[in-house]
Amino acid sequence: MAAKTDVTTQKHMNFKEIAAYSLGLFGFQAIVGLLNSYQAEFDGSILGGYENMAIDVGVVGILILVAKIVSAVFDPIVGNMIDRSKSKRGKFKSMILYSLIPLLIMTAVIFLPIDFRGNNILCYIWIFATYLIWSLAMTLGDVPSQGIASVLTPNPTERTNVVSISNTFKQIGFSACVVIVPIVCLIVPNGSQVFGFEGETDTPMIGAEYLGTAVLTAVLGCALFALIPILNKERVPYVAGEKTSFGDMIAALKNNKPFMLVIISYFLGFGRQMAMGIQVQAATVLLGSQNLVAVLGIVTAVGSMISMALCPVLIKKLNEKNTYLLLSIYGFAASIFSFIIGHFWFQNPGNTVLTVLFYASLFLIGLQFGAVTLMPMIMTADTVDYYEYETGKRMEGAAYSILTLTIKVCLALGTAVGLIFVQKSGYYASLASGSFTNATKDIIFFAYTALPGILALLSIIPMFKYDIVGEKKAKISEALAARRSQK
């Protein structure tokens, strides 16, 4: 009798599928990264840059956070829809297809350079409403695109490698806007002029560079995102049309202790999302132009990509828990080091040694980001297996809706806190005068480096109790494979 193939060690995904999933996440995150990096700057300098109008970018950050929290109720709804789906395309793939058109339209709408004629209240209402609708559209794609990772392959090692590769592309996509926007600014006449719309009402609208970038990013991003449902397969079996109540979802979170630890840890480390939220303002203050944000972003992004590429190796040597602890502690040390170097560099910008150390420190900061971009995805997939092992139900939709909700709220919270620091630093007053004090630079750089590092260290506290690693993880995978083969 021929030996039975062990599906937990067999390779299931080919190059085309891995590329489709990776490029799909790249496209989706390019859209998310554009809003995260440039929406507040667009709102403050274009929508809020009309004559006799000056909106508070700190208020914009709070509006974005509130809109994200309000839209949070949609995450478990989407998760429930996924778990109850009977679509022949697959429960994750069908939901991704539904998200494409609304996501494309709303990404462009948010960057429409509308003249509110000095009406701040109307401007705030517009910002809140459009971002809320965009958040709902984004959720339709975000939850299934993250959750599908748990069903692409029953091999946990292959899953870790695929998540690592795809999240490297995801990180590149999230940072793509720092390259796309400056290029568009060079093409569009009068590109990237802040506090525009001066003079007569028939003056050509400043802000076309933002809208052009939004349309370009939305079209290309959605086209790439569509590759996931077109080319990927859902291989891990589940009960189609399974009815899952919101009570079941709450119970799934409550009874899945390892998953709760992942979520709590992510919330405690929300500050790691702060840097991307204020990267444009940081580039303007530190380097003298928002068009140089690519320099700031690429230096950090290179370190981040290296970190995610190393994660599978670190996991193999140390396991998931210890890899997370190592990267978080390292992130704290690198962030504090970078802030100290930056403080002295601001006082001596002509010092070659400090200049080299400044950019080197930003690269070193990037080496921690596997902990926040990759590890939660891997751990959540493992906790979904754990829950199935304990209860017989997988609940991918519930778990990944909670994870994506956590990521989005933390991203909005980090952006809001960062923008409050920007507002309090005197950024916009200094921008109008064309000169930034060292105090302004210190405040913004503290929000960009030191505070995220401190919160990264705080995030390790729950992880000391996480235990889905090593022999326990292997036992769960083998047991699930045996159950599925019997069915």
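All values derive from a computational prediction rather than experimental measurement.

What counts, and at which threshold
All residue numbers refer to positions counted from 1 along the written sequence of the respective chain. Thresholds applied to this predicted model are a pLDDT of at least 70 for local features of residues and 80 or more for the giving and counting of side-chain atom pairs; totals over whole chains, interfaces and linings are not thresholded and use all residues. Heavy atoms from the whole structure form the basis of all side-chain values; hydrogens and water molecules are not counted. Under the DSSP-based scheme used, a helix requires at least four consecutive residues in state H or I and a strand at least two consecutive residues in state E, with every element numbered from the N terminus. For each residue, the accessible area found with a 1.4 Å probe, counting protein chains only, is set against the maximum for its type, and the residue is called buried under 20%, exposed over 50%, and partly exposed in between. By definition, residues are in contact when any of their heavy atoms lie within 4.5 Å. Working definition of accessibility: Shrake-Rupley area with a 1.4 Å probe, residue cover restricted to the visible protein chains. We define a nonpolar core as any set of buried Ala, Val, Leu, Ile, Met, Phe, Trp, Tyr and Cys residues linked to one another through side-chain atoms lying within 4.5 Å. Working definition: rings of Phe, Tyr and Trp (its six-membered ring) pair if their centres are within 6.5 Å, and the pair is stacked with planes under 30 degrees apart, edge-to-face with planes over 60 apart, and tilted otherwise. Helix axes are fitted only over the stretch in contact, all axes being lines through C-alpha atoms; the angle between N-to-C directions runs from 0 to 180 degrees. Note on terminology: angles under 35 degrees are roughly parallel, angles over 145 are roughly antiparallel, angles of 65 to 115 are roughly perpendicular, and the others are oblique. If you view the pair so one helix is near and one far, a crossing is left-handed when the near helix is turned anticlockwise from the far one by less than a right angle, and right-handed when it is turned clockwise. Each salt bridge in this description consists of a side-chain nitrogen of Lys or Arg and a carboxyl oxygen of Asp or Glu lying within 4 Å of one another. Take the residue count of a helix, subtract one, and multiply by 1.5 Å to get its expected span. Residues were grouped as follows: Ala, Val, Leu, Ile, Met, Phe, Trp, Tyr, Cys and Pro as nonpolar; Asp, Glu, Lys and Arg as charged; and all remaining residues, including Gly, as polar. Distance thresholds for patches are 9 Å for like charges and 5 Å for nonpolar side chains (Val, Leu, Ile, Met, Phe, Trp, Tyr), applied to residues having over 30% relative accessible area and no salt bridge.

1. Observations regarding the overall build of the protein
Right, on to step 1. Scanning the protein from terminus to terminus reveals 23 helices and 0 strands.
Right, on to step 2. Buried residues in the protein amount to 59% of all 487 residues.
Right, on to step 3. Long-range contacts, defined as pairs at least 24 residues apart, comprise 86% of the intrachain contacts of the protein with a sequence gap of at least 6.
Right, on to step 4. Here the protein displays about 19,100 Å² of accessible surface, and carbon together with sulfur accounts for 68% of that area.

2. Here's the deal with the nonpolar core
Right, on to step 1. Core analysis: the largest hydrophobic core is formed by 128 residues, its most contacted members being Phe111 and Trp134.
Right, on to step 2. Top element by residues in this core is helix α1 (residues 15-47). It accounts for 13 residues.
Right, on to step 3. Not counting residues up to four positions away in its chain, the partners in contact with Phe111 are Leu34, Leu35, Tyr38, Gln39, Phe42, Tyr210, Leu211 and Ala214.

3. Focus on the packing of aromatic side chains
Two aromatic rings, taken as a pair, are described by how far apart their centres are and by the angle between their planes.
Right, on to step 1. If you walk through the whole model with that rule in mind, you get 17 aromatic pairs.
Right, on to step 2. Residues Trp345 and Phe358 carry aromatic rings whose centres are separated by 4.2 Å and whose planes lie at 20° to one another, so their mutual orientation is stacked. Taken together, the residues Trp345 in helix α15 (residues 320-347) and Phe358 in helix α16 (residues 352-366) connect sequence positions 13 residues apart. This pair shows no difference in class: Trp345 is buried, exactly as Phe358 is.
Right, on to step 3. Connected via pairs of aromatic rings, a cluster forms that spans Phe339, Trp345, Phe346, Phe358, Tyr359, Phe421, Phe445, Phe446 and Tyr448.

4. Regarding the packing of helix α3 (residues 74-84) against helix α5 (residues 120-147)
Right, on to step 1. Orientation of α3 relative to α5, taken along the N-to-C sense of each, is 45°, at an axis distance of 9 Å. The pairing of α3 with α5 is recorded here as oblique in orientation. Crossing of α3 over α5 shows right-handed handedness. Here α3 contributes Phe74, Asp75, Val78, Gly79 and Ile82 to the contact with α5, which in turn contributes Leu136, Thr139, Leu140, Val143 and Pro144.

5. Overview of the pattern of salt bridges
Right, on to step 1. Following the criterion strictly, the structure yields 6 salt bridges and no others.
Right, on to step 2. Across the pair Asp382 and Arg159 runs a salt bridge whose closest N-O atoms are separated by 2.9 Å. Highlighted residues: Asp382 in helix α18 (residues 375-391) and Arg159 in helix α6 (residues 156-175), separated in sequence by 223 residues.
Right, on to step 3. Between Lys473 and Glu320 there is a salt bridge; the shortest N-O distance is 2.5 Å. Taken together, the residues Lys473 in helix α23 (residues 470-486) and Glu320 in helix α15 connect sequence positions 153 residues apart.
Right, on to step 4. Take Lys473: its relative accessible area is 12%, and that puts it in the buried class.
Right, on to step 5. Each member of the salt-bridge network shares a partner with another, and the members are Arg159, Glu320, Asp382, Asp385 and Lys473.

6. Examining unusual backbone geometry
Right, on to step 1. We note that Asn319 has phi near 85°; this positive angle belongs to a residue other than glycine.
Right, on to step 2. Structurally, Asn319 can be placed in the loop between α14 (293-318) and α15.

7. Re helix α19 (residues 396-424)
Right, on to step 1. Taking 1.5 Å per residue, 29 residues should reach 42 Å; α19 reaches 42 Å between its end C-alpha atoms and fits that length.
Right, on to step 2. Counting buried positions over the 29 residues of α19 gives 22, a clear majority of the element.
Right, on to step 3. After α19 finishes, the residue Gly426 shows a positive phi value of roughly 85°.

8. A few points about the packing of α1 against helix α8 (residues 208-225)
Right, on to step 1. Following both chains from N to C, one finds α1 and α8 inclined at 160°, their axes separated by 8 Å at the closest point. Between α1 and α8, the angle falls in the class roughly antiparallel. As α1 packs across α8, the resulting crossing turns out to be left-handed.
Right, on to step 2. When the residues that make up the contact of α1 with α8 are grouped by side-chain class, the tally is 15 nonpolar, 6 polar and 1 charged.

9. Things to note about a nonpolar patch on the surface
Right, on to step 1. Taken together, the side chains of Val179, Ile183, Ile298, Val302, Ile306 and Leu310 make up a nonpolar region of the molecular surface, amounting to roughly 450 Å² of accessible area.
Right, on to step 2. Of all the elements in the fold, those that place two or more residues in the nonpolar patch are α7 (177-187) and α14.
Right, on to step 3. A per-element tally of the nonpolar patch places α14 first, with 4 residues.
Right, on to step 4. When you line up the elements, Leu310 lands in helix α14.
Right, on to step 5. What makes Leu310 partly exposed here is its relative accessible area of 43%.

10. Some thoughts on the environment of Ser164
Right, on to step 1. Turning to its location among the elements, Ser164 is positioned in helix α6.
Right, on to step 2. Spatially, the C-alpha atom of Ser164 lies 6.0 Å from that of Met308, the residues being 144 residues apart in sequence.
Right, on to step 3. Beyond its immediate sequence surroundings of up to four residues, Ser164 is in contact with Met308, Ala309, Pro312 and Leu374.

11. Overview of the environment of Ala360
Right, on to step 1. Structurally, the position occupied by Ala360 is in helix α16.
Right, on to step 2. Given the relative accessible area of 32%, Ala360 is considered partly exposed.
Right, on to step 3. Sequence-wise, Ala360 and Gly303 are 57 residues apart; in three dimensions their C-alpha atoms are separated by 9.8 Å.

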